[in-house]
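# Descriptive analysis of the structure
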Amino acid sequence: MKDHELKEAHEKAQASLMNPAHQVYFRAGLLACREHIARFVAAQNPEIAESIRANWWPNLGDDPGAPRLLSFHEMMDGGEEGPWTEKEVSPSTEALPIALQFLTPNAAVSGRGDGQ
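Here is a short report on the structure shown in this document.

Cut-offs used in this document
- Residue numbering note: each chain is counted from 1, following its sequence as written.
- Per-residue local features are limited, in this predicted model, to residues with pLDDT of at least 70; the limit for side-chain atom pairs, both in listing and counting, is 80 or more; totals at the level of whole chains, interfaces and linings are taken over all residues.
- Calculated side-chain values reflect all of the structure's heavy atoms, with hydrogen atoms and water omitted.
- Helix and strand labels come from DSSP, where a helix needs a run of H or I of at least four residues and a strand needs a run of E of at least two; each type is numbered from the N terminus.
- A contact between two residues is defined here by any heavy atoms of the two lying within 4.5 Å.
- Structural elements are reduced to axes, namely lines fitted to C-alpha atoms, with helices fitted over the stretch in contact, and the angle between N-to-C directions of any two is expressed from 0 to 180 degrees.
- When describing relative orientation, an angle under 35 degrees is termed roughly parallel and one over 145 degrees roughly antiparallel, while 65 to 115 degrees is termed roughly perpendicular and anything else oblique.
- In this description, a nonpolar core means a group of buried Ala, Val, Leu, Ile, Met, Phe, Trp, Tyr and Cys residues linked to one another through side-chain atoms lying within 4.5 Å.
- The rule is simple: take the accessible area with a 1.4 Å probe, protein chains only, and divide by the maximum for that residue type; under 20% is buried, over 50% is exposed, in between is partly exposed.

Moving on, we come to the environment of isoleucine 98. Tracing the backbone shows isoleucine 98 in helix H6 (residues 96-103). For the pair isoleucine 98 and serine 16, spaced 82 residues apart in sequence, the C-alpha to C-alpha distance is 22 Å. Setting aside anything within four residues of it in sequence, one finds isoleucine 98 in contact with Val24, Tyr25 and Ala28.

Let us now look at the packing of helix H2 (residues 20-42) against helix H3 (residues 46-54). Helix packing geometry: the angle between the two helix axes and the distance between the axes. Where H2 contacts H3, the axes come no closer than 8 Å and their chain directions differ by 175°. Put simply, H2 runs roughly antiparallel to H3. Facing H2, whose interface residues are Arg34, Glu35, Ile37, Ala38, Arg39, Val41 and Ala42, H3 presents Pro46, Ile48, Ala49, Ile52 and Arg53.

Its location among the elements puts methionine 1 in the segment before helix H1 (3-16). A C-alpha to C-alpha distance of 43 Å links methionine 1 and aspartate 63, two positions 62 residues apart in sequence.

Membership of the largest hydrophobic core comes to 13 residues, with the highest contact counts inside it found for Ala28, Leu31, Trp56, Ala95 and Ala99. Counting only elements with at least two residues in this core, the list comes to H2 and H6. With five residues, the single largest contributor to this core is H2. Discounting chain neighbours no more than four positions away, the residues touching alanine 95 are Val24, Arg27, Ala28 and Leu31.

Honestly, that's just the spatial picture; any functional story needs more than this.
Here you go:
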């Protein structure tokens, strides 16, 4: 394989990793892990737990907060009666309900964030 063919193959492989679904699920894993570790230390040291929750990589976008279900108004623009249009949702925000499922597997089924 020639150098330019190898470079093209490498660039194609790298581009395939930038799939939006991969970005969302990667962030979901980070959010779930961050919250899981914070919960683990919270009883012993609430200050450290809050410090863990406060850490986020700025180059991944704004910190979306704790894993949770999204509200309608985070996903849609429009008044009470509509018409509604979809909002642009960042991969980090889109990852919140997926991260919640890692922490509370029944949350997606019940529509509640408390795992009930």
